[in-house]
Each structure stands twice: as structure tokens, then as C-alpha cells.
Amino acid sequence: MRRRDAAALLIATITAFAGLIAWMLGDVDMGLRLGPTSDGFVQVTDVAPDSLAEYYGFMPGDLVVELRRRDGSPMPQRDSGIPNAGDVDQAGGSLRLATGDAPPEPEIDELYAVRVESDGSGSIGWGSSLDRSQVASRLGSGGVLLLVGIGLGLAVGAAVSRGWAGDAPTADATVAAVAVATPLMVVPLLFAGSPLTIASGLALPALGALPLAWSLAELQDNRAWVAILRWASASLAGVALLLAGRTLFLWTGIGVQGQLVLLAAAVVATPSVAGALLSRWSTSARVGILALGALPAAAALSLASPMLEYGALGLSIGAVLAWRIGARFLTARTPRHDAQPVPPATDAEALIDADPPRLRARRDTVAVVVAGLTLGAGLLSCCNQGAVVSGAVFGAIVSVALHRGLMGPAWSRVAVPVGCAVATPLMALALDAGGTQYLLRLLLPAASALPVAHYLAWRHPEPIRRRILFVGSLALVGTVVLLVSGSSVGGPIGGPYELGDSGARLLIYLALGFVALAPGLGATMASDAPGGPAMATGRLDLVAIGLTPGAAMTVLPGYAPTYWVLGLWLLVLVAWRRFTIAPLLGLAQRSQRQRDLAVAAVEAERARLAADIHDDALQELAALVQRLDTAGDAEGAELARSVAERLRAITSDLRLPLLDDLGAGPALEWLVGRFQPLTPGEVRLERSDPSRPPAGVELAVFRVAQEAIANAVKHGKPPITVRYRVDDGGGVSLSVDDEGPGIEADAPETALRAGHLGVANMQQRAEQIGALLDIRRWPGGGTHVALEWRPQ
């Protein structure tokens, strides 16, 4: 057994025994102290932070109206001389207050205290009551929650050991079980109410999460990050212990229960998020790591309020179950086509994404899960279920329309996430009761925009930038959480989340709008991606997709939802697409087809000529050589052989079998060797091609190199350097450089008009495969021809 497993089991054992003892004793500490006033009345002199008395509203200085001891005897009352304005149900015109020696807290059974306004009117500013028997019943229910915590921990441990969180964390079943179970097992300690039990109950969840955080930190590839995350988690747990000690030794001051549960959640959430984002794991493994950190964090957040809030824990468990069950459902019913190429576009628009089907299925699953959670939360809310139903129906209509190709292939691949991102804000309008509902009203739409953000981030041609863009979207969601959590005080995680500050509201809704838009703009600015957002329509599509979730979120601000922004945006999109972009795409499609047909016709004619020369002329020359040798005409036979060799070279130029059999690298070596005798200087090839690109790309590379080398031999000066490279991602780069005077600056633009058919031919070859062609003159002289192609 590992040391961290033993430490986790020790923490769980201590927590379970402490909770059982508190539950079996059945005694509660109200968390207040009483003392006499200068007039001999009884008042509340002190209230413990995070105690039951603080939760029920008692404050220092409150005057005790009624008090009943545990033996059943009431405290005597006498007239205070304070006018009773009718707020307290007592006969007479003056307020009667408890008098005599204030009993210690353990002897109190029932207590009622009021705060009298200082203006002498006798009006009651605040009234609080506390019944020990009712509080004791809560302690009894805490024992049930302790057993529930043990059962939930065992279930989580079994699920992790069976691989529900991925293969990497299967050895962490014990620490995961303890991290989830500990927050629920400490509930009896919190309900007991004494400073010792409250401090213990708030410190143990952070300690219980620390072994799991230690294991999650090890999922990093970089060992330096492992140490950093371990120290970060240990530091957060240490701060939680210090704050718990403050609660134990300092009775006065601000309560720290909310801060402590946030620290306990951060202990395990920090290495979980870092492990999912910074390590090289598959998408499924990343989600599993996030789930492994989300469950203990959600369990800790349930302690944020003295009355407990289990909404976050329930949502986390539901999301994990939906993810695992939904993934298995989709895997069982979706055929795997990872090795097959992306199907061609159904219209003139080139496909701008290359996601494998499994990644798209997982992204769709996450979007559906978030929309389903919003649908369930909305139906369980108090009112406005019409918004829930209409939002779900409207989102389904949007998804179906996009899937059927209303807006083109770029939109059809993200039909489900966009439909869910449109539906979720509409359904979240039902969550308007304040408190946790207001938090969900903002966070669920933000979560629904994340699948769209992921789709847009993955349109960037550079893998490292994809993760950066998506992490930026996650940071915006985290910003929303922080702004909402710090909006006010008094509820779970700082609730009740009713934003009175207009500046905070503006920041929150701006962050919500940019969750999907930010990666869309990032992918759009990467305009060098061949076949991707380099097309103007592709760029506009990325921006429009990123703006759509933000347009849907415009229904959220204010008390009366404004649907016109979303409706107008969707109408503008459809009109723009159908009446502006569609005609342009048709024209682009016809132009592309004409180029493809021209190139295909040229290659077909080359192949026909090569076959004719080989089958007719070369065969007849071979027979002629044989007859001349037989007749003894050595000079005529040598001349015929020379003509045959020239025809064979022309045949090789027309269609090189070496290119089909061995690839572009060996074909370029043959080409360089063929041009070497034609120039007095060096023609050299630098190649690095561990793999072969598609046949069409190899053919285009060879033809561009053939034309560029021929131009360099004819118009330039040696040395002539040819560089050919195929990278690990399948990208192809070709460059041909010479030391001649250099090509004219406007030659690429005026190639056809000036009769430069070689330059025009290279441009056609590049356009056919969706590559970038750069032809320029170096400042010091010499021509540079470069071809760049990236797989879609």
C-alpha cells in the first residue's frame, strides 16, 4: 500500500469516528454566549463565527426576550421601559425582557432574542429564535449523511478502479474515495456546533483531498510541474488548517466557512485542471481527470452553507454518469472511421475542419449533457417552464437545420453544439429565483459555449495554439465564476449572486460573450492554414459561429428577456449565407472545377503521350537499331540509340514511374541528377521525408520542382538548392533557390498576361491541392520558389 493511500485511509477513519461520536452524543453547541446588561437584562454577548447562532441571525447586543432552560424552567421577565411598537406579542405597552443570571449555553433549550432600534421607538429591527431540539434533529440527519458519504466514497472508488476516470488514475481509487466521502462524513461535526467540531469539520475535507491532489499532480509530463502542483495543493491545505485554527481559538470575527470550503475544493481542483490541460492525454482521459477532481470539489462545496447545498454535487455526479453512459451509447452505435479521409464538401466551400468522428461525437455529447442539465434544472424550478420547453424546441430546430446543410459544411459539423448553445440560455431563463439558481443561470450557458469554443479552437492549424485558445475560453468561464462568487455575501459560495454593480454585470456578460468568440477570432487570424480559414468565407464562418452563443446570451441580462437580438442575428445569418455567400461559393466552385479539370486534362494528355511514345516510337526505334546493327551500320545505329534515349527522357518527364513507385523524394533525386549536367555549377537536394504525402500532393510537388529547377537552370545561376521536407504532421514544404539576377517583382501576378506559362502552371498546381506558393526575388539577387501544404 502506498503511503498516500495509508494517509487517506487514516484521515477517513478519523473523520468517520469523529462524526459517529458527535452523532451518538447528540449534543449541539448553539455557538453563543449570554451576559447581563447594565440594567440587569440578559443579552447576547458573543456569537461564534460559522456557528448555528450566526446562521439563525443572532448578533452581539441582541436582547433576550424569552429563554427556557433544558430542565423546562423559564427565565423571569420584567418590564424594560422600552416601548413595544407591536413587533413582539406581549400585553402592555412596554417590552418585557428576560432578567437574572445568564445560564451557560449548554443549559439553554429555547431562546428568543431581538434587536431594538436605537431611536427609542421600540420597533424591532431583527428577531432570532433557536430551539435545541430542532437543531438536535439536524444532527440526527447528519448521521444519515455520514453513511451516505461512506457509500458514495465506496462507489467512486469502485468506479475509478474500473477505469471510469481513464486508465491513468485507476491506482488512485482509494484516495479518490476518501476525497469524495470526507466532506459528507464531517456533516455531524458541523451540526454539533462547537468551535472544536466546526474547526475539525472544516479542516478535514482539505486534508482528505490532499492525497488525491498528490496523485493528480503526478499526471504531469514535466517533473517540475509535479513539484509545483504538489506544493500548491499542500499550501492550500495549510491555509485551510490555519483558518480552521482561527475558528477554534478566536470566537469573534468574520466566519470562514465559505473560504474554507473553497480552499478544500481548490486543493484537488488545481492539479486536476492542470493535469487535464498541460499533459499529453487523449480527450477522454482529460475529461476523466477533470471528473476525478470535480467530484471531491463539488462535495466540498456542499458545505458552503450551514444548511448545506448539494446542487453542485448532484450536477457533478449527473454529468459524470451522463458522460460515461452517453460515451458508451455513442461508441456502441457510431461506427469508427478514424482511418478514413474526410469526405468532400457538399458545395463549393472547402471543409475547414479535420476532426475525427470520435472527437466530434464527444464534443456533441458534452453539449447535449449541458443542455440536458439545464433542461432538468429548469423543469424543477418554480416557474417559467414555458421558456424551458420553447428553448429546447428552438435549439433542436437550429441543430436540425444546421445539420441538414442550411449554412454549409462548416456549420453542419458543429450543428449540435451550436443548437445547444442557443437553447441553453433560453432554458436558463427559468432559473430566476436567486441564490444557487442565479449562479446556474450564468454558468450553464457559459458551459454550453465551451463545445463551440473547442470546435473553433481546433480550426487553428498549429496544435499548440489550439490548446492555448481553448484554455483562454476556460479562463473566461473561470472569470465569470469569480465575479459571480464575489458579488455578495450570505449564501453558498458567497451567494445570493444578485449583481447590483453594473460594472460587474458588464464584465460577466462580456466574458460570457467571448467564451466562443475568442477562439473563433484566434483561428480566423491564422490565415496561413491551407484549405482552412485562408478562404474568406471560412474566416467569416468562424467569426459567425463564435458570435452565435453570445447572441443567444443576450436574453439573460435584465428582468425581461430580449429575444430580438438573437432573432435578428439568426435572420441576418441566413440571409447573408443564402443570398450573398452561396452565389459566391457557386462561382468559386465552378472556378475550382475548371482548374481541376485543366490539370487533370494535362496529366491525362501527358500519360497518353508517354504511352504512345513508349508503345510506338520507342518500339520502332528499337527494331531500327537492331536492323542497323545487323547491316553493320554502326553510325546509324548509334544515332538511332541517341534518339531513343532522348525519347525515353521525354517519356520520363511526361510521366515518371519512379514518382508512383517510390515517391517524391527519390523522384526529386532523379530530377536533380538529370539537371546537373545542364549547368556548370552544383544542383543539390536536401530532403527529409520519413513519410509520403498523398499521391496528388507528390505529383504537384514534383511538377513545381521540375518547373522551378528548369527556370533556375535557364535564367539563374548555380548553385541551385532544392529542399524537400515532410514533417511529423504530414505537412510538405518545397523550396528551390538559385543565385541568378532574380525574377521580376510582378511576375507572379502578371504570369498569364506576360506569357510566363511556367509560373502560371506552378500556381495552378498549388491551387489544385490547396497549397501556398511563394515566388519572389531575394534582396541580394536570386529567385526563391516555395510551396507549403498542410493536411486538412
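Going by the structure above, here's the rest.
Residues numbered from 1 in each chain as written. Predicted model: local features only at pLDDT ≥ 70, side-chain atom pairs only at ≥ 80, totals over all residues. Heavy atoms only, no water.

Participant: Just to check I follow, could you spell out the nonpolar core for this structure?
Facilitator: Nonpolar side chains in soluble globular proteins tend to end up buried together. Membership of the largest hydrophobic core comes to 82 residues, with the highest contact counts inside it found for Leu32, Leu34, Phe58, Val64 and Leu212. Ignoring any residue separated from it by four or fewer positions in sequence, one finds Val64 in contact with Leu34, Val42, Gln43, Leu97, Ala98, Leu111, Tyr112 and Ala113. (Core = buried A, V, L, I, M, F, W, Y, C linked by side-chain atoms within 4.5 Å. Buried < 20%, exposed > 50% of the residue type's maximum accessible area, 1.4 Å probe, protein only. Contact = heavy atoms within 4.5 Å.)

Participant: Whenever I open this one, unusual backbone geometry confuses me. Can you help?
Facilitator: Trans peptide bonds make up most of the peptide bonds, and negative phi angles are found at most residues other than glycine. A cis geometry characterises the amide bond from Pro718 onward to Pro719, with omega recorded as 0°. The residue Pro719 is located in the loop between α23 (695-715) and β9 (720-726) in this model. (Helix = DSSP H or I, 4+ residues; strand = E, 2+ residues; numbered from the N terminus.)

Participant: Can you walk me through the packing of helix α4 (residues 173-185) against helix α6 (residues 195-217) in this structure?
Facilitator: Closest axis-to-axis distance for the α4/α6 pair is 8 Å, and the angle between their directions is 160°. On the basis of the axis angle, α4 is roughly antiparallel to α6. By crossing handedness, the relation of α4 to α6 is classed as left-handed. Of the residues in α6, those touching α4 at Val175, Ala176, Val178, Ala179, Thr182 and Pro183 are Leu204, Pro205, Gly208, Ala209, Pro211, Leu212 and Ser215. Tallied by class, the residues present in the contact of α4 with α6 amount to ten nonpolar, three polar and no charged. (Axes fitted to C-alpha atoms, helices over the stretch in contact; angles between N-to-C directions. Parallel < 35°, antiparallel > 145°, perpendicular 65-115°, else oblique. Left-handed = near helix turned anticlockwise from the far one by under 90°. Nonpolar A, V, L, I, M, F, W, Y, C, P; charged D, E, K, R; others polar.)

Participant: Even after reading the chapter, I still don't get the pattern of salt bridges, so can you show me in this structure?
Facilitator: In a structure, side chains of opposite charge can pair up when their charged atoms sit close to one another. Counted according to the given criterion, the structure contains twelve salt bridges. As a salt-bridge pair, Glu682 and Arg684 come within 3.3 Å of each other at their nearest N and O atoms. A relative accessible area of 42% places Glu682 in the partly exposed class. Arg723 is the partner of Glu686 in a salt bridge, and the nearest nitrogen-oxygen pair spans 3.2 Å. Of this pair, Glu686 sits in strand β8 (residues 683-688) while Arg723 sits in strand β9, placing them 37 residues apart in sequence. On the accessibility criterion, Glu686 (37% relative accessible area) is partly exposed. With a relative accessible area of 35%, Arg723 lands in the partly exposed category. Among the charged side chains, a salt-bridge network with shared partners connects Glu682, Arg684, Glu686, Arg723 and Asp737. (Salt bridge = Lys/Arg side-chain N within 4 Å of Asp/Glu carboxyl O.)

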